[in-house]
Structures are given as structure tokens and as C-alpha cells.
Amino acid sequence: MSNSVISVISRFLEEYTTSTPNKLKVVDAYLLYILLTGAFQFLYCLLVGTFPFNSFLSGFISCVGSFILAVCLRIQINPQNKGEFLTVSPERAFADFLFAHTVLHLVVVNFIG
Amino acid sequence: TLVVLVLALGAHALTPSHHLTPSDLVRLQDVLSQPYTDLKAAYLSIVGQSKLGLSVEACDFIKSNLDPSSVESLFYAAEASQTIASCEIPVSNETRDLLHATVSEDSTMSQIHQAVSALSFLGLPLASQEVVSALKARISKEDNVLAITLALQTASHLSQQAELGEILEEIEDLAARLDDLGGVYLQFEEGLEVTALFVSAAYALSDHVGVEPPLKEDQVIQLLNSVFSKKSWDSLSEAFSVASAAAALADNRFHKPVIVSAVGPATVSHSQPLLQLQVMDVLCQSLSSANVLVETATSAATKATILSQTPFTQRDGIFQLNFMASQPASGYYQFSVAISGDSRLVGNHIELKVKVSTKVSINNMDLSVVDKDQSIGTKTTRVEYPNKAKSSFIADSHQNFAMSFQLVDESTGVELTPHQTFVRLHNQKTGQEVVFVAEPDSKNLYKFELDTAERKAEFDSISGTYALYLMVGDATLENPVLWNMADIVLKFPDEEAPSAIQSKNLYVPKPEIQHLFREPERRPPTVLSNTFTAMVLSPFLLLLLLWFKLGANVSNFSLSPSSVLFHVGHAAMLGLMYVYWTQLNMFQTLKYLAIIGSLTFLAGNRMLAQKAVKRYCTE
């Protein structure tokens, strides 16, 4: 059983490193960064408590929001998905990404207190 | 002197609730006898004092201040000089003509009054009918209370043959204008002075004409209450009006209000068996010709009638009655007194509350300590007032301390139940005192029992020597009693350490309350939060590492102006976020964001377009 899990994982990693374009890997690295940041914040909150709650929330939601927007970006710039995003060029995707981030950061900074 | 209690019970007539006491009269005289500088003040002072029965020597002042060309001045001089013996004001023909000329419809009521009064007091002839018609004309023109009052006063100087009927009717009309205040006062809204002037004018005219004024007894008393309700007078004219009214009420042909007051408190006792009453008129002159009769005297407690139709005897202007001769029990009695002897008397039925006090004596005071198990008294000691028991009593938790005694009237031997019969135990060492009530049984024998075990809470279980006192008091007792009868040593079980009892002082400052400011939330140690800050920022390093490893395309960085501008603008936006966090509010931020954002957008748009074109070309 564990054997098959390990083999699946190793196969997955192999495929990932070979067939994923560099651009997407860059975005994936960014996603990993966001994930870790959010996880560390959550860990802190679990350990120490929720004071000040508004700061924790804004930080965590910033991570979550950024992750979601980055995922959207990744989907939209993936050349394999080009068929589904005929009207959205990668540049347009990136511009949307930036605009959405601006709004997100405005809200986050407002809430962070 | 005590003011008589007023009882207005429907059928019962009103009695005066305010009157001038002798000290009030003295004060009135003092106000009226103040030094004066002009003729009007002199008039008010001289004539006012004459109303109170005092004559003043001031003829020279009047003569020297008289202005024969002024009707007002002539009036003051004329009336004032009348009250002074052998003070004649010289009258010239011009003066007489002036006065006669003033009597016309065109003069004011006040001028007519002054002219007619001056003519009358100077002994000059008057044309009464002319005056009457002038008065009638003025009354219809000047329909205020003061003017009509002056008309009444003027008419009192006129010949009795003149037609004064219509003017006499004005008294009734004016009386209808009086305001009834609570059934006690009757006065004009114009005030005290006008009311008092009305009283004197009404009686002056009524006496002159010989017709009883249309005022009911109660109205007369109410007018009296109003006029004498004020005991300090603001002005000389107010004092004058009160003196005039007092003189009018004291001596007129129809109504004579009578003032009855007890001499001292209305209390009788064996040492003071006489109930003494003063019966006076309004000017505190004793009515020696009156007959004072007790119609009924009933006990307030038992409602039994003690006296009926008993007369007072008169001695030196005071009416007295030996009430103790009827041997009343101590307590309160309701007296109904009637004054007769003059058909003019008003307010001559009085209700009076009389107190009979007595001395109490304590009989058969027996103190004993009784064992709880047996009901046999172990030691009964009799103590005589005011002595103290020679030995002290000891009572512990197995014993009760008992006391029994009788309270009797010293002179009659009748048993008494005073309002206050207390037993007080006082611990001299700690200052603590405990008070109990002693209650009489059905045979009026007072009993008190102290169960040491049961009552230990009141004593705070503090054992020791307590001084035993008996306190007896009542409104009808002349000799309240505080008697230290004995000392008791009380022994309580489970004695705690006796703490000195501090007398409850309610007025010392209370302990200060320290304000507790809201404590800030517990923060985690700085080390921990710093560690986590580092942890949270560390993935950024990881990101840079990964990007570097992936060979991110830093080299493809074009230096076109739009690209530079875009990156600068973007950096500025991030910087604005930081500034927003630290300093700005949302509105300012949005303002700056709009500016920077639009620049960045334009630049970014251009840059991305260029990128797209480049990509398009390479594909």
C-alpha cells in the first residue's frame, strides 16, 4: 500500500519537474511561499491565542486571498488552458491579478489595525 | 403664646389662624415710628400710630412741611393734625376753593378722596351730593379695586343724608372680587395693602351709614388671616394699611373678631392645675367683658366627656379654669370653648387640645435570676427607685434574667402605659449598649426577660459587666426616668476575642476607591512573537531562492519608460499601503491610490501591451 503511494508521489514529482513550463513553476514557488506564510500565522495563533484577533484575521485572509488570486493567475496563463480563456491574454491576467491584489491589500491594511 | 389649632368642620365656624401677637404689634409700632423726612411719610407714621392707640407730637413738622397749593399735601396735613391734640392747620380761602374745585368728575378718584378727606378733617363744609355724583362717575371710569376702596373711604366722610346706597353696594361687589385661597385666606390679587385698605374702608363706611357690611363671619376671619399673615412689612404704607385694618376690626359696630390663645403651653398638671386663656381683640386688647365657657371637654383616648358647660373665671384679664379639679387621667383632651358677651363677636367658637401631664412612679421593681431548668426563681431582689441594687447579678447561658415592675401615676395610683419603656444594658468597658423594650401584660404589669443564650447575637457574645438601666418616657410625663438599677455580669458561651466596639460614626471619610484602569491584554513574551515574525517572513527567502533556482527571468528586464514607470508606480502603491497602515485613513489613501494607481495602470497597460506584442512576434 505505502509502496504505491510512494511510487505515485515520485512519478508525480518527476512529471512536474519535466513537463511544467518555467513560468508556471515560478508561480508555483510563489504559491508555496504564500502557503507557508499562512501556515506559520495559523500556527502562531494556535499557540499563543487570538489576540489581537483583527490582525490575525487580516494576515490570514491576506494569505488566503493572495493564494486564490495566484491560482487564478496560474490557471489563466497556463498555455494548456488557452482554449478556455480566449479573451484573456496572459498580460490581461496579470493586470487583473495586480488590480485584485490592490483591492485586497487595501482591505487587509484597513483591517490590520 | 401658642397659636390655637384651627378645626373647620363644615358646620363649625372658622377661627383665625393668623393674628398679631403683642410682639408683632411692637414691631408694627417700630416700623411706623421710624423717622420721616416728608409729609407723606409723616402722615403714614402719625395716623398709623394713632390707629394703634399711640399719639405722636409732630404738629410743627406738619405745619412746616405743608404745601397749601397741593391737595395731597393738604390731605396728609389735615388727617394727621386731627390725631394730634390741639393742632390746627390754618386754612385760607384759596385752600378751600382749591379743595372744592378738585371735587369733580375730571379729577382722579385719589384726588377726590384726598380733597374730601381734607375738607372733612379741616372742618370745612362739603357738598355731599356733588361728591356722590363725582364718585359714581369715577367708579365707572376707574373700575379697579383701589379706586373703589378710596370711594368707600371718601363716602364715609359725607353727610348721612346723601344717597350713599349705591356706593354702599360697592362693598358687596368688591367682596365678590376677593380670591379665596384654600378656604383660609381672602385677598385681592393686587395684594395685602389693598386688601387691608378695603377692610378699613368697608368698615368705616358701614359704621358711618349704620348698615352691616355684607360679609359673612367666615369671610371676616379669612380677611383677617390675609391681613395678618405677613409679620414684617416692606413699606411704611403697607404697615399703615395693616394698622388701619387692625383698628377697623378691633372696634367697629358690627363684627369683632376674637383671638383666643393659651398662656404658655396648654398643659395642666398637679403642679399647674389651671388652664389659662387670653381672650383678646385684634389689637391684643383683653375682652374683659366676655364670658368664656367650656361647652365640652372630651378625652382623646376614651372619648368620655369630662366637662360640660363649665365657665372660666376671670382674673387680671386672664380666663382660667382648674381642670385638675375634675381629676382627669393623664393624656390629651379636646376642649370646645365658646366666647359670648358681645353680639359682634366673630370666630368665637374655639377647639383647643389640652394635655394633662403627670408624674410616674415605679413600683415593685423585682429583679431576679431564674434557672432555665427549674422555674424556681433563685434570687429576687426588690429595688426601690432611685437606688441601685447593692450586689450585681450573674447570669450565664443556663439562666435567664427577669424583671417585673409597675408604672403608676404618682398622685392617683392609676396604672400607666407610657410610650417608651426600655431596658438598656451598657457595657462600660467596650461602650456597647443594647436596648430592649419592656412590655406590659394584660394587667398592666411590666415584665422583661433576658435569655442570655438566645440574645447573645445582640451582645456580640461579649461577656462582662453590664449596667442595667430602665428608661421611661412619654409626652404626658413630667418626669422621664433613666434609672441605673443594677449591674449584671453576663457570661456567654463561645466567646470570641472581644473587639472594642467602635461607635458607628457615619461621617468619617470612607476608604478611598482606587480606580482600576483596564488592564491591557496579556501579551505573549516578546521572544516568542519575534521568533514567529521571523518564521512568517522566512518563506520570502525561500521564494527568492526558488525563483533563483528556477532561473527567473530577471535578465529580460526592459528599461523602457513605461516599464520603469510601472514598477515605480507599483512600488509606490505598496509603499502607500505601508503609510496607510501607520498614518493615513481610508479617504486619504483612496485619494493617493487613485493618483498613483491611474499612473501605474497606464504605464502597466503600455508595458504589458509591449510584452504581448513581443510574445506575439516570437510565437
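The structure this text deals with has already been given above.
Remember, predicted model here, so these are calculated numbers, not experimental data. (Residues numbered from 1 in each chain as written. Chains lettered and ligands numbered in written order. Predicted model: local features only at pLDDT ≥ 70, side-chain atom pairs only at ≥ 80, totals over all residues. Heavy atoms only, no water.)

Draft legend 1. Here's a closer look at the overall build of chain B. Helices and strands together make up the secondary structure of chain B, namely 15 helices and 23 strands. Expressed as a percentage of its 619 residues, the buried residues of chain B come to 45%. Considering only contacts within chain B whose residues lie at least 6 apart along the sequence, 68% involve residues at least 24 apart. Accessible area for chain B stands at about 32800 Å²; split by element, carbon and sulfur atoms hold 54% of it. (Helix = DSSP H or I, 4+ residues; strand = E, 2+ residues; numbered from the N terminus. Buried < 20%, exposed > 50% of the residue type's maximum accessible area, 1.4 Å probe, protein only. Contact = heavy atoms within 4.5 Å. Areas by Shrake-Rupley, 256 points an atom, 1.4 Å probe, with all protein chains shown as cover.)

Draft legend 2. Representation of the overall build of chain A within the structure. Of the regular secondary structure elements, chain A holds 4 helices and 0 strands. The N-to-C order of helical and strand elements in chain A reads α-α-α-α. Out of the 113 residues in chain A, the part that is buried amounts to 33%.

Draft legend 3. Highlighting the interface of chain A and chain B. Of the residues lining the interface, 30 residues belong to chain A; the matching set on chain B comes to 33 residues. Between chain A and chain B the total buried area reaches about 2800 Å² when both faces are included, carbon and sulfur atoms providing 80% of it. Three residues, Phe51, Glu91 and Leu106 of chain A, lead the burial of chain A against chain B; their summed loss comes to 22% of the area buried on that side. Linking chain A with chain B are 2 residue pairs in polar contact (both at pLDDT 80 or more), by the criterion used here. Partitioned by chemical class, the residues of the side of chain A that touches chain B number 19 nonpolar, 8 polar and 3 charged. (Buried area = accessible area lost by both parts, 1.4 Å probe. Polar contact = N/O pair within 3.5 Å; in protein donor to acceptor, adjacent residues only side chain to side chain. Nonpolar A, V, L, I, M, F, W, Y, C, P; charged D, E, K, R; others polar.)

Draft legend 4. View of the sheet that holds strand 19 (residues 433–437) of chain B. Residues and elements named next belong to chain B. Taken in spatial order, the 5 strands of this open sheet run 16-23-22-18-19, and their pairing is mixed. If you trace the sheet from one side to the other, it starts and ends with strand 16 (393–395) and strand 19, each paired once. Sheet twist, expressed as the mean angle between neighbouring strand axes with direction ignored, is 30°. Note: strand 16 against strand 23 (residues 481–490), 3 bridges, orientation parallel. When the bridges of strand 23 are listed, Ile394 appears paired with Val489. (Pairing = 2+ DSSP bridges. Axes fitted to C-alpha atoms, helices over the stretch in contact; angles between N-to-C directions.)

Draft legend 5. A look at the side chain of Thr589 of chain B. Tracing the chain through its elements places Thr589 of chain B in helix 15 (residues 586–618). Judged by its relative accessible area of 0%, Thr589 of chain B is buried. Polar side-chain contacts of Thr589 of chain B include one of 2.7 Å to the backbone oxygen of Asn585 of chain B. Setting aside residues up to four positions removed in sequence, Thr589 of chain B forms contacts with Leu106 of chain A together with Leu576, Tyr580 and Leu584 of chain B.

Draft legend 6. View of the pattern of salt bridges. Residues and elements named next belong to chain B. Inspection of the entire model under this criterion finds 17 salt bridges over all chains. Between Lys230 and Glu238 there is a salt bridge, with its nearest N and O atoms 3.0 Å apart. Residue Glu238 is classed as buried on the basis of its relative accessible area, which comes to 8%. Put simply, Arg344 and Asp342 hold a salt bridge, and the shortest N to O gap is 3.0 Å. Through salt bridges that share partners, Asp24, Arg27 and Lys231 make up one connected network. (Salt bridge = Lys/Arg side-chain N within 4 Å of Asp/Glu carboxyl O.)

Draft legend 7. Highlighting the sheet that holds strand 7 (residues 291–299) of chain B. Residue and element names in this part refer to chain B. Taken together, 5 strands build an open sheet; the order of strands is 5-13-11-7-8 and the sheet is mixed. Of all strands in the sheet, those with a lone pairing partner are strand 5 (267–268) and strand 8 (305–311), marking the two edges. Across 8 bridges, strand 11 (residues 331–340) lies against strand 13 (residues 349–356) in antiparallel orientation. Among the inter-strand pairings, Ser336 is bridged to a residue of strand 13, identified as Glu351.

Draft legend 8. Structural view of the environment of Ser397 of chain B. All names here are of chain B. Mapped onto the elements, Ser397 comes out in the loop between strand 16 and strand 17 (399–409). Overall, the relative accessible area of 18% leaves Ser397 in the buried class. In this structure the C-alpha to C-alpha distance between Ser397 and Lys372, which are 25 residues apart in sequence, comes to 8.9 Å. Non-local contacts of Ser397, meaning those with residues more than four positions away in its chain, are made with Lys372, Thr452, Ala453, Lys491 and Pro493.

Draft legend 9. Representation of the pairing of strand 22 (residues 464–473) of chain B in the model. All names here are of chain B. Within strand 22, 8 of the 10 residues are buried, leaving the element largely enclosed by the surrounding structure. Alignment of strand 18 (residues 420–427) against strand 22, held across 8 bridges, turns out to be antiparallel. Across the sheet, residue His426 finds its bridge partner in strand 22, namely Ala467. Sheet topology note: the strand 22/strand 23 ladder contains 9 bridges and is antiparallel.

Read these as geometric descriptors, not functional statements.
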